[in-house]
Amino acid sequence: MTEMRITGRTGIMLMLADPVAHVVGSLRLNDRFAAEGLDIAVSPLHVGPADLATVIDALRRMRNVLGFGVTIPHKIAVLPLLDATTPRAARIGAVNFVRRDADGRLTGDNLDGRGFVDGLAGQGIALRGRRVLQLGAGGAGRAVAFGIAEAGARELVIHNRTNERAEALAADVAAAYPGCIARAGTNDPSGFDLVVNTTSMGMHEGDALPLDVAHLAAGTDVAEIIMTPAITPLLAAARSRGCRISLGTSMLDAQYVLVKELLAIGAPAA
Ligand SMILES: NC(=O)c1ccc[n+]([C@@H]2O[C@H](COP(=O)([O-])OP(=O)(O)OC[C@H]3O[C@@H](n4cnc5c(N)ncnc54)[C@H](OP(=O)(O)O)[C@@H]3O)[C@@H](O)[C@H]2O)c1
């Protein structure tokens with residue numbers, strides 16, 4: 001790894017989280033910025049919910065801050081504290097990266113769904129015209145579902161432990177993307193082109209599988225968004241059944257390019 005040298009010329013980024021110990025996104029971003037020779041440094045920042053508004057207001061005034069990431073539990077709470085949100089973030093109802101303009105104006109975007117789609121594309125897996133089964137309708141699942149519909153999937157069936165959340169998400173996606181048939185359903189993967197796990201099942205040893213892998217056909221692609229472990233029991237089972245797989249780390253890695261776009265890093269000064 002290249003040695004990191006932070007000076008007064010360095011563009012600063014932060015990652016706001018609570019708890020903060022598990023945050024690895026900063027490491028991956030720092031490595032990528034360093035590999036490209038960009039003078040940008042990213043630090044996690046431990047901020048509790050009660051202090052979020054104060055911290056956001058302070059970041060507005062910090063003139064060498066380019067922007068910041070927000071993760072659990074701030075992705076929704078940060079919305080009303082910003083000056084603007086992209087239509088995509090407004091639709092999802094959550095923000096994960098914020099650009100700080102030179103005048104302190106803060107614009108929030110949500111790169112999770114697009115990151116997922118681009119990560120899949122990097123594995124040679126496209127979404128246009130395909131039938132997708134999504135497991136989970138939590139925070140990340142919301143962003144992924146909108147990303148899948150935006151990428152042109154023909155059908156999106158959402159299964160969630162709490163069925164009402166699956167139904168609400170499917171209705172929101174169907175309203176925003178009438179070209180995608182979105183509905184709540186079971187977790188039977190038979191007949192789907194792609195299955196994506198957006199639940200946290202598979203993060204911890206002893207977790208149950210989110211679906212019956214005996215029903216997974218070799219022609220069904222299987223994607224995860226869990227980053228640790230990289231190969232979840234679902235991915236291991238899918239691989240042994242001959243399915244193409246996509247790792248959760250692909251979704252995070254793909255967001256590097258999107259973060260650069262959002263923050264206009266490397267673009268000529270306006
Ligand atoms: N790769 C990336 O870039 C990236 C980005 C963001 C998040 N993630 C990962 O995505 C995962 C989910 O994060 P999140 O923020 O969406 O969490 P979340 O909002 O808490 O949602 C958790 C989801 O998992 C389901 N779930 C949890 N425990 C379950 C169980 N025992 N049985 C069945 N369903 C269960 C929940 O169902 P209910 O609605 O019924 O509770 C919900 O759908 C985490 O592993 C996180 O690390 C990855």
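In the block above lies the structure referred to throughout.
Everything quoted here is computed from the prediction, not taken from an experiment.

Here the focus is the pattern of salt bridges. A full pass over the atoms with the stated rule returns 14 salt bridges. With a closest N to O distance of 2.7 Å, Asp 83 and Arg 60 form a salt bridge. Here Arg 60 lies in helix H2 (residues 52–61) and Asp 83 lies in the loop between strand S3 (65–70) and strand S4 (84–85), a separation of 23 residues in the sequence. Among the residues examined, Arg 60 registers a relative accessible area of 22% and is labelled partly exposed. Salt bridges sharing common partners tie together Asp 57, Arg 60, Arg 61 and Asp 83.

Moving on, we come to the sheet that holds S3. With mixed pairing, the 6 strands of this open sheet are ordered in space as S2-S1-S3-S5-S6-S4. Looking at which strands have only one partner, the edges of the open sheet turn out to be strand S2 (40–46) and S4. The pairing of S4 with strand S6 (residues 106–109) spans 2 bridges and is classified as parallel. Bridge assignment links Thr 85 to a residue of S6, and that residue is Gly 108. Helix H1 (residues 25–35) rests against strand S1 (11–17), S2 and strand S5 (97–100) of the sheet, and its axis sits at about 170° to S2. Strands S1, S5 and S6 of the sheet are contacted by helix H8 (residues 248–262), whose axis makes an angle of about 30° with S5.

The next thing to look at is the packing of helix H5 (residues 139–150) against helix H6 (residues 163–176). The N-to-C vectors of H5 and H6 enclose an angle of 30°; their axes lie 10 Å apart at closest approach. When the axes of H5 and H6 are compared, the pair comes out roughly parallel. Remark: the crossing between H5 and H6 carries right-handed chirality. In this structure, H5 uses Gly 139, Gly 141, Arg 142, Ala 145, Phe 146 and Ala 149 to contact H6, whose residues at the interface are Arg 165, Leu 169, Asp 172, Val 173 and Ala 176. Among the residues forming the contact of H5 with H6, the class breakdown is 6 nonpolar, 2 polar and 3 charged.

Attention now moves to the side chain of Asn 160. Here Asn 160 lies in the loop between strand S8 (155–159) and H6. Judged by its relative accessible area of 11%, Asn 160 is buried. In terms of polar contacts, Asn 160 uses its side chain to reach the backbone amide nitrogen of Ala 137, at 3.1 Å. Looking at Asn 160, its side chain comes within polar contact range of the main-chain oxygen of Thr 162, at 3.0 Å. What Asn 160 contacts, discounting residues up to four positions off in sequence, is Gly 136, Ala 137, Arg 165 and Ala 166.

Before going further, it helps to examine the packing of helix H4 (residues 112–122) against H5. Two elements in contact, H4 and H5, have axes whose closest approach is 7 Å; the angle formed by their N-to-C orientations is 55°. The angle between the axes of H4 and H5 places the two elements in the oblique class. You can see that H4 and H5 cross each other, and the crossing is right-handed. Of H5, the residues touching H4 (which contributes Asp 112, Gly 113, Phe 116 and Val 117) are Ala 143, Val 144, Gly 147 and Ile 148. Grouping the amino acids of the contact of H4 with H5 by side-chain chemistry returns 5 nonpolar, 2 polar and 1 charged.

Parameters at a glance
Residues numbered from 1 in each chain as written. Predicted model: local features only at pLDDT ≥ 70, side-chain atom pairs only at ≥ 80, totals over all residues. Heavy atoms only, no water. Salt bridge = Lys/Arg side-chain N within 4 Å of Asp/Glu carboxyl O. Helix = DSSP H or I, 4+ residues; strand = E, 2+ residues; numbered from the N terminus. Buried < 20%, exposed > 50% of the residue type's maximum accessible area, 1.4 Å probe, protein only. Pairing = 2+ DSSP bridges. Contact = heavy atoms within 4.5 Å. Axes fitted to C-alpha atoms, helices over the stretch in contact; angles between N-to-C directions. Parallel < 35°, antiparallel > 145°, perpendicular 65-115°, else oblique. Left-handed = near helix turned anticlockwise from the far one by under 90°. Nonpolar A, V, L, I, M, F, W, Y, C, P; charged D, E, K, R; others polar. Polar contact = N/O pair within 3.5 Å; in protein donor to acceptor, adjacent residues only side chain to side chain.

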